[in-house]
Amino acid sequence: MTVVSNASPLISLAKAEYLFVLERLFGAVHITNEVHGETTRAGRGGAELIAGAAWLHVISLRDTAQLASWEREYRLGMGELSTLRLAQELMADIAIIDERKARVLAHRLGISVVGTIGLLEESYTRKIIADLRTAYMKLLENGTYIDQRLLNSSLRTFDLPAL
C-alpha cells in the first residue's frame, strides 16, 4: 500500500506521541521535501520524532509545474499541494490530510483521503492503541485544533464517553 502524508497529521501525532501508529498501520509513509521541511523545522513540536522516523521516506516531486497553478487556483500551502501531487505521481492508495480545502481537492482529483481522527479510529479498531479517548485528549492538550464535536461523534461510534 502506498501512503503519502501532509505535515499537519504528522505534527499532531508526533506532539501527542502517537506517530508510531503510522508505521504500525502502513509500514512506510512518503512525504515531500516541502512536508519534511515543515515538520522538522527547529523548535517545531515533534520535530525530532519525525526526523528520526526511518519509515518516513522523503521523495522529491518529478513534476512541480502543477504546484504553481494549483497554488493560484486553490490557495493552499505548498505542503498540501505537494502532498497531492506526490499522491498522483506515486498513484498512492491513501493521502493523509486534515485540512478541509485540501481534502476537497483530493476528492476532485480522485485521491483517497484519511485524517488524524480516521487514523486513530483505525488504530483503536486494530488494537494498536488501547484508549481512543486518551489519544483525543492528548491531541487537544498538545494544541491540535480539532472540533470537539467531531471527536465526541467518533467516541460515540465506539460507545465511549465524550470528552
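As the structure is a prediction and not an experimental result, all values here were calculated from the model.

1. A few points about the nonpolar core
Okay, so step 1: Core analysis: the largest hydrophobic core is formed by 35 residues, its most contacted members being Leu-19, Leu-22, Phe-26 and Leu-120.
Okay, so step 2: Listed by contribution, the elements that provide at least two residues to this core are helix 1 (7-15), helix 2 (20-26), strand 2 (29-32), strand 4 (94-96), helix 8 (116-125), helix 9 (132-141) and helix 10 (148-157).
Okay, so step 3: Counting residues per element, this core draws most heavily on helix 1, which supplies 5 residues.
Okay, so step 4: Beyond its immediate sequence surroundings of up to four residues, Leu-22 is in contact with Leu-10, Leu-13, Gly-27, Val-29, Trp-55, Ile-96 and Leu-119.

2. Points about the pairing of strand 2
Okay, so step 1: Burial along strand 2 is two-sided: Val-29 and Ile-31 facing one way and His-30 and Thr-32 facing the other are all buried.
Okay, so step 2: Sheet topology note: the strand 2/strand 3 (residues 56-59) ladder contains 4 bridges and is parallel. Bridge assignment links Thr-32 to a residue of strand 3, and that residue is Ile-59.

3. A word on the side chain of Thr-39
Okay, so step 1: When you line up the elements, Thr-39 lands in helix 3 (residues 33-39).
Okay, so step 2: Separated by 3.1 Å, the side chain of Thr-39 and the backbone oxygen of His-36 make a polar contact.

4. Thoughts on unusual backbone geometry
Okay, so step 1: Here Arg-75, not a glycine, exhibits a phi torsion of approximately 55°, which is positive.
Okay, so step 2: Relative to the assigned elements, Arg-75 resides in the loop between helix 5 (65-74) and helix 6 (78-90).
Okay, so step 3: Positive phi, normally seen in glycine, also occurs at Asp-159, with a value near 55°.
Okay, so step 4: Taking relative accessible area as the criterion, Asp-159 reaches 72% and is therefore assigned exposed.

5. Things to note about the environment of Lys-15
Okay, so step 1: Positionally, Lys-15 belongs in helix 1.
Okay, so step 2: Using a relative accessible area of 30% as the deciding quantity, one classes Lys-15 as partly exposed.
Okay, so step 3: Expressed as a C-alpha distance, the spacing of Lys-15 and Leu-49, which sit 34 residues apart in the sequence, is 8.7 Å.
Okay, so step 4: With residues up to four places along the chain from it excluded, the contact list for Lys-15 reads Gly-45, Gly-46 and Asn-142.

Conventions and cut-offs
- Residues numbered from 1 in each chain as written.
- Predicted model: local features only at pLDDT ≥ 70, side-chain atom pairs only at ≥ 80, totals over all residues.
- Heavy atoms only, no water.
- Core = buried A, V, L, I, M, F, W, Y, C linked by side-chain atoms within 4.5 Å.
- Buried < 20%, exposed > 50% of the residue type's maximum accessible area, 1.4 Å probe, protein only.
- Helix = DSSP H or I, 4+ residues; strand = E, 2+ residues; numbered from the N terminus.
- Contact = heavy atoms within 4.5 Å.
- Pairing = 2+ DSSP bridges.
- Polar contact = N/O pair within 3.5 Å; in protein donor to acceptor, adjacent residues only side chain to side chain.

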